[in-house]
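Results of the structural survey
Residue-level listing of the chains:
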Amino acid sequence: MTRIKTFITLTLLGGLAVVLPIAIFILLFQWLFGQVSELVAPAVHWLESHSRVKDTFARLLVIVLILGGCFAIGLLVKTGTGRWLHRHMDHWLGRLAPGYSTIRELVVQFIGGTGDSVLSGPVARVRILGADNPLSVTAIVTSRHENGDFTVYVPTAPVPTSGFVYHVSADCVEILPQVTVEAAMKSVIACGAGSNLLLKPGRESGV
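To start, this report covers the structure provided alongside it. Keep in mind that this is a model prediction, so the values were computed, not measured.

1. Section: unusual backbone geometry
In this structure, Cys-191 takes a positive phi of about 55° despite not being glycine. Within the fold, Cys-191 resides in the loop between α6 (181-189) and α7 (195-198). Residue Cys-191 is classed as exposed on the basis of its relative accessible area, which comes to 56%.

2. Examining the side chain of Thr-151
Structurally, Thr-151 can be placed in strand β3 (residues 150-155). Residue class for Thr-151 comes out buried when judged on its relative accessible area of 7%. In contact with Thr-151, not counting residues within four places along its chain, are Ile-140, Val-141, Thr-142, Ser-143, His-145, Val-165, Tyr-166 and His-167.

3. Looking at the environment of Pro-122
Considering the arrangement of structural elements, one finds Pro-122 in the loop between α5 (100-111) and β1 (123-126). Beyond its immediate stretch of four places on either side in the chain, Pro-122 contacts Ala-139, Ile-140, Val-141, Arg-144 and Ile-175.

4. Here we look at the sheet that holds strand β4 (residues 163-168)
As summarised here, the arrangement of the 5 strands in space is β4-β3-β2-β1-β5, forming an open sheet in which the pairing is antiparallel. A single partner strand is all that each edge strand has here, and the edge strands are β4 and β5 (173-175). Looking at each pair of strands side by side, their axes are set apart by 40° on average, direction ignored. Pairing analysis gives 3 bridges linking β1 to β5, with the strands arranged antiparallel. Within the sheet, the bridge partner assigned to Arg-125 lies in β5 and is Glu-174. With respect to the sheet, α6 is in contact with β1, β2 (137-144) and β3, its orientation differing from that of β2 by roughly 140°.

About the criteria used
Residues numbered from 1 in each chain as written. Predicted model: local features only at pLDDT ≥ 70, side-chain atom pairs only at ≥ 80, totals over all residues. Heavy atoms only, no water. Helix = DSSP H or I, 4+ residues; strand = E, 2+ residues; numbered from the N terminus. Buried < 20%, exposed > 50% of the residue type's maximum accessible area, 1.4 Å probe, protein only. Contact = heavy atoms within 4.5 Å. Pairing = 2+ DSSP bridges. Axes fitted to C-alpha atoms, helices over the stretch in contact; angles between N-to-C directions.

Written out as structure tokens, the structure is:
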């Protein structure tokens, strides 16, 4: 009886391990699509009233047009004129819209809009309680100081966009050049699962 119960339990858990990620992904996609649909609803209504495009296809078309617009703006800001316009727009929005500068800095830091972003790395293993303490954390180096100290960002699991900032001496930091930021973030999201491979000496970057 015990063997049958164990077989049923393990089989059920195995099935859940396959089905749950797919179900959660579908639910998240539906939620995200619903949120985006609400945001673009005015444009969708306008498109439906001025063309034969209807319902879901109209929403998708509007989203594609918005992404295309973002791409075009990205091309524009690569030009001298575009950079000038962007710089002046940022200046005036920063003065007229409270909180805009803070939001912009957060976005730039996490999507890597500049070379000084969080996602530019490098990844490090940091002993936040001192070099002689065996406790260590996975961190991303965000700044190096003239005296040799480091400032590091330690993401929290399973949501790496929140975390802690530590200022530590150089002897507490072990840079891991073989580990990419993407690989480190994936380990954090998985609550440390796979860290044995992530921190393995000589491991190639990536997961």
